[in-house]
Amino acid sequence: MKDDLKIEEFPAFITAVYGESVKPFPWQKRMLSEVLNPEKGWPGVVALPTAAGKTSCLDIAVFAMASLGESAPRRVFFTVDRRVIVDEAYQKAKKLATKLRDALKPTKEATDPPAILVKVAKKLQELAGEGALKKHTAPLKAYQLRGGVFRDNLWAEIPTQPLIVATTVDQ
């Protein structure tokens, strides 16, 4: 199909979200390839050294969600045992969600969003389905569940809404 996302578009997606100087690591491209392979899928554990870019698994998950379409899970839970990392992951998820939302509703400052962002955003919005009141549904939403912050249960309202939940283990 002409509108299908291709794995080769992943670097352009990363650059569109984070800027020209940001390129995916080789391990990220390999992981995306495995996630999109029905015989492999997600690894049970992602064990990488500090500062290797584990939160970029969120980018992989969102791109894979848009690529897989109806067979994709709609929920991404980024679960770690450190509040500071949950906070960082949540900020990254919010940035990603905002970029995708803005790609569908360009502002005066950004009237011509990158085509790859529009493509991914539309595919994610399609996943939300008819029951999600499409005109009010963002392509992606981000939520934070951890101790010490207000617990918002809106993340559970629409099961088809693509979203990222950054959470601590105990939540």
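*Asks:* I would appreciate a short explanation of the pattern of salt bridges in the present structure.
*Replies:* Pairing is possible between side chains that carry opposite charge, provided their charged atoms lie close to one another. Summed over all chains, the structure comprises five salt bridges. In this structure, the salt-bridge partner of R74 is E70, at a minimum N-O distance of 3.2 Å. For E70, a relative accessible area of 61% corresponds to the exposed category. In this structure, R101 engages D102 in a salt bridge whose closest nitrogen and oxygen atoms are separated by 2.9 Å. For R101, a relative accessible area of 38% puts it in the partly exposed group.

*Asks:* Explain the sheet that holds strand β3 (residues 163-168) here, please?
*Replies:* Sheets are built from strands paired through backbone hydrogen bonds, the pairs being either parallel or antiparallel. Here three strands make up an open sheet; going across it, the order is β1-β3-β2 and the pairing parallel. In this open sheet, the two edge strands, each paired with only one partner strand, are β1 (75-80) and β2 (141-145). Ignoring strand direction, the axes of neighbouring strands in this sheet form an average angle of 15°. Where β2 meets β3, five bridges bridge the pair, whose relative direction is parallel. What sits directly across from L145, in β3, is T167. Lying over the sheet, helix α3 (residues 57-68) contacts β1 and β3, oriented at roughly 165° with respect to β1.

*Asks:* Looking at this structure, I do not really get the packing of aromatic side chains. What am I missing?
*Replies:* When we look at a pair of aromatic rings, we describe it by the centre distance and by the angle of the planes. Tallying each qualifying case throughout the model produces three aromatic pairs. For the ring pair F10 and F63, a centre distance of 5.4 Å and an interplane angle of 70° mean the geometry is edge-to-face. Taken together, the residues span a long stretch of sequence, with F10 in helix α1 (residues 10-18) and F63 in helix α3 at a distance of 53 residues. Residues F10 and F63 agree in their burial class; the two are buried. Three or more aromatic residues joined by ring pairs form one cluster here, namely F10, F13 and F63.

*Asks:* Mind showing me how you'd approach the packing of α1 against helix α5 (residues 115-128) here?
*Replies:* When two helices pack together, their arrangement is given by the angle between the helix axes and the distance between those axes. Look at α1 against α5: their axes get within 8 Å of each other, and the N-to-C directions meet at 100°. When the interaxial angle is binned, α1 and α5 end up roughly perpendicular. The segment α1 lies against α5, with A12, F13, A16 and V17 engaging I116, L117 and V120. Looking at the contact of α1 with α5 residue by residue, the class counts come to seven nonpolar, no polar and no charged.

*Asks:* Honestly, the pairing of β3 in this entry has me stumped. Any pointers?
*Replies:* If a strand is regular, its side chains alternate between the two faces of the sheet. Counting buried residues along β3, six of its six residues qualify, which places the element largely inside the surrounding structure. Both faces of β3 are covered, namely the face carrying L163, V165 and T167 and the face carrying I164, A166 and T168. Bridging between β1 and β3 involves six bridges; their strand directions are parallel. Opposite V76, over in β3, you have I164 as the bridge partner.

Conventions and cut-offs
Residues numbered from 1 in each chain as written. Predicted model: local features only at pLDDT ≥ 70, side-chain atom pairs only at ≥ 80, totals over all residues. Heavy atoms only, no water. Salt bridge = Lys/Arg side-chain N within 4 Å of Asp/Glu carboxyl O. Buried < 20%, exposed > 50% of the residue type's maximum accessible area, 1.4 Å probe, protein only. Pairing = 2+ DSSP bridges. Helix = DSSP H or I, 4+ residues; strand = E, 2+ residues; numbered from the N terminus. Axes fitted to C-alpha atoms, helices over the stretch in contact; angles between N-to-C directions. Contact = heavy atoms within 4.5 Å. Phe/Tyr/Trp six-rings, centres within 6.5 Å; stacked < 30°, edge-to-face > 60°. Parallel < 35°, antiparallel > 145°, perpendicular 65-115°, else oblique. Nonpolar A, V, L, I, M, F, W, Y, C, P; charged D, E, K, R; others polar.

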